[in-house]
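For reference, the chains in residue letters:
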Amino acid sequence: MKRIGLFLLTNIAVMLVLSVTASLLGVNKYLTANGLNLGALLVFCALFGFGGSFISLAMSKWVAKRSTGAQVITQPRNSAEMWLLQTVERQARAAGIGMPEVAVYDAPEPNAFATGMNRDNALVAVSTGLLRSMQQDEVEAVLGHEVSHIANGDMVTLTLIQGVVNTFVMFLARVVGYAIDRALAGNRESSGPGFGYMITVFVLEIIFGFLASIIVCWFSRQREFRADAGGAHLAGKRKMVAALQRLGGAQGHSSLPEQVTAFGIVGGAKKLFMTHPPIEERIAALQAA
């Protein structure tokens, strides 16, 4: 409940900020007496679509830490934590990025994720389940996979894609909603959009958003192959394959919040809505490289 409540508060805060911004800039005046102002509507949708994505990205480290309970390692308390810091530092240097924050979060399943606003201000977190169930070589490969996500700019790239998707979902929903509202109104004059417009926009945003998520998930799967290749480069192909094989035997429910699932080492859902390709495909791709 704490995690769900945190997400809801974050979403409400983002929408409030964007609503005030839209009002101040006057870009929410896309409905006029002459019909839809498509230019103003597109600006309005882009502001919300991209603005929401980038505000969420800017808050991603904060949200991830609090939703998973991840504890950032500042002063290593044991040899395992020292090894984690040294390994990530070495890999970050090899990948040409700034040293990420390194954290551990309590979860039974073996998993890890990376998030952050840019390549030099990121977070790499591993679960206690991963540290307990994997050999050190395998953990090294998982860390390489996450560092590669950062080096490849995957967080920003997916944020841009999500912004484009959000923009067109909002835009198309309102254009279709307005057309249906006008059709329902017939020749009657109206001072503004009616009930049909509001209901149609609400329903279409759900439908279009559902369909658009297929595009985002497809792109996320392609980035996983690149991150696997990056992990193999930083830690060695044998270690990366071994890590994936270990993960394949331990897949189950993921406790990662939705915002960072795409940047974990393993994902969830089925086929079209999978953020990660099947483990077997990832291993085959690595072995064929």
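This text goes with the structure placed above it.
The structure contained in this document is the topic of the report that follows. (Residues numbered from 1 in each chain as written. Predicted model: local features only at pLDDT ≥ 70, side-chain atom pairs only at ≥ 80, totals over all residues. Heavy atoms only, no water.)

Concerning the overall build of the protein chain
Next, step 1: Of regular secondary structure, the protein chain possesses 11 helices and six strands.
Next, step 2: Buried residues in the protein chain amount to 48% of all 289 residues.
Next, step 3: Counted over contacts in the protein chain with a minimum sequence separation of 6, partners at least 24 positions apart contribute 71%.
Next, step 4: Split by element, the accessible area of the protein chain, about 14500 Å² in all, is 63% carbon and sulfur. (Helix = DSSP H or I, 4+ residues; strand = E, 2+ residues; numbered from the N terminus. Buried < 20%, exposed > 50% of the residue type's maximum accessible area, 1.4 Å probe, protein only. Contact = heavy atoms within 4.5 Å. Areas by Shrake-Rupley, 256 points an atom, 1.4 Å probe, with all protein chains shown as cover.)

Here we look at the pattern of salt bridges
Next, step 1: This model, assessed by the stated rule, comprises 14 salt bridges.
Next, step 2: A salt bridge links E101 to K61, with the shortest nitrogen-to-oxygen separation between them at 3.0 Å. Remark: K61 occurs in helix 3 (residues 60-68) and E101 occurs in strand 4 (residues 101-105); sequence separation between them is 40 residues.
Next, step 3: Between E89 and R93 there is a salt bridge, and its shortest N-O distance comes to 4.0 Å. Of this pair, E89 and R93 both sit in helix 4 (residues 79-95), four residues apart, roughly one helical turn.
Next, step 4: Judged by relative accessible area, R93 falls into the exposed class, the value being 58%.
Next, step 5: Linked by salt bridges that have partners in common, R90, D137, E140, R238 and K239 make up one network. (Salt bridge = Lys/Arg side-chain N within 4 Å of Asp/Glu carboxyl O.)

Quick notes on the pairing of strand 5 (residues 112-118)
Next, step 1: Here strand 5 lies mainly inside the structure; five of its seven residues are buried.
Next, step 2: The sheet contact formed by strand 5 and strand 6 (residues 121-127) spans six bridges and is antiparallel. Paired with A114 across the two strands is V124, which belongs to strand 6.
Next, step 3: Where strand 5 folds back on strand 6, the antiparallel hairpin that results is connected by two residues. (Pairing = 2+ DSSP bridges.)

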